[in-house]
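Structure assessment
Here is what each chain is made of, one letter per residue.
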Amino acid sequence: YSSFGLIPMCDGQKTIYYDINGRQKKIVTGISKVVSNGTRFITKINGSSNQLLDENLNILKSAISISGYGSDETFVCEVEDEKYIIIDKFGKSITKKSYNDIYSLYNETYKFKVGGKFGFLDKSGNEIILPIFESADNFYEELANVSKDGKTFGFINKSGSFIIPPIYDAAD
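Residues numbered from 1 in each chain as written. Predicted model: local features only at pLDDT ≥ 70, side-chain atom pairs only at ≥ 80, totals over all residues. Heavy atoms only, no water.

Another point: the environment of tyrosine 17. Along the polypeptide, tyrosine 17 turns up in strand β2 (residues 14–19). Overall, tyrosine 17 belongs to the buried group, its relative accessible area being 0%. (Helix = DSSP H or I, 4+ residues; strand = E, 2+ residues; numbered from the N terminus. Buried < 20%, exposed > 50% of the residue type's maximum accessible area, 1.4 Å probe, protein only.)

This is the structure:
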């Protein structure tokens, strides 16, 4: 349940929101699933779209999909087919453009994909590493395993500089 004391209970057709004393606060029909990241609710509407709700159950953003994994302040939001943005907890876009995909926040960065190439955004939605990689893993302990050609691999830091050159067949 959420940090603002509401507990969503779904039966596949409707969601009943209870307070921490077990009192019904609101019934919403057409919601088949509800998840909370601690500051907001993300609902699944009849299996087709998502909504981001605030603590008063007001709709902040509707989209194809919304994911809040890795952060309680920002969300990855699919606004159109293969058009992803990052929104803040108020439903406002913090990215300047959309991307073909944005992966969940991990170690203060988002990995994104555009035009078949991977790059990285900071948690404020700014591009910190341009999309030049054929493949890329998330940052782990300040380094990310990447490949420019899909054949040779190396590790970059968060400024995009190679710490280990991309001359190896594999990296673990």
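Let us keep going from here.
This part covers the side chain of glutamine 51. Inspection of the secondary structure assignment puts glutamine 51 in strand β6 (residues 49–53). Its relative accessible area of 15% is what places glutamine 51 among the buried residues.

In spatial order, the strands read β8-β9-β10; together these 3 strands make up an open sheet with antiparallel pairing. Only two strands of the sheet have a single neighbouring strand rather than two, namely β8 (65–67) and β10 (83–88). Taking each pair of neighbouring strands and ignoring which way they run, the sheet shows an average axis angle of 25°. For strand β9 (residues 74–80) and β10, the ladder comprises 6 bridges, and the chain directions are antiparallel. Paired with phenylalanine 75 across the bridge in β10 is isoleucine 87. (Pairing = 2+ DSSP bridges. Axes fitted to C-alpha atoms, helices over the stretch in contact; angles between N-to-C directions.)

Here we take up the sheet that holds strand β1 (residues 6–10). The sheet built from 3 strands is open, its strands ordered β1-β2-β3 with antiparallel pairing. Here the strands that pair on one side only, and so sit at the sheet edges, are β1 and β3 (24–29). Neighbour-to-neighbour, the strand axes of this sheet turn through a mean angle of 20°, independent of strand direction. Examined bridge by bridge, β1 and β2 share 5 bridges and lie antiparallel to one another. Paired with methionine 9 across the two strands is isoleucine 16, which belongs to β2.

When you tally the buried positions in β10, you get 5 out of 6 residues, the bulk of the element. Between β9 and β10, which pair antiparallel and follow one another directly, the connecting turn spans 2 residues, one of which, glutamate 82, has a positive phi of 55°.

Turning our attention to the environment of threonine 29. Here threonine 29 lies in strand β3. According to the relative accessible area criterion, threonine 29 is exposed, its value standing at 61%. Each C-alpha atom of the pair threonine 29 and isoleucine 45 lies 8.9 Å from the other, and the pair is 16 residues apart in sequence. With near-sequence residues (within four places) excluded, threonine 29 lies in contact with Gln13 and Lys14. (Contact = heavy atoms within 4.5 Å.)

Inspection of every chain in the model, using the stated rule, returns 6 salt bridges. The salt bridge involving lysine 97 is made with glutamate 127; its shortest N-O contact spans 3.2 Å. Here lysine 97, found in the loop between β10 and β11 (101–102), pairs with glutamate 127, found in strand β14 (residues 127–133); they are 30 residues apart in sequence, far enough to count as distant. Glutamate 127 gets classed as partly exposed once you look at its relative accessible area, which sits at 30%. The partner of lysine 117 in a salt bridge is glutamate 134, and the shortest N-O contact between them spans 3.0 Å. Taken together, the residues span a long stretch of sequence, with lysine 117 in strand β13 (residues 117–122) and glutamate 134 in the loop between β14 and β15 (135–136) at a distance of 17 residues. Taking the relative accessible area as the measure of exposure, glutamate 134 reaches 37% and is therefore partly exposed. (Salt bridge = Lys/Arg side-chain N within 4 Å of Asp/Glu carboxyl O.)

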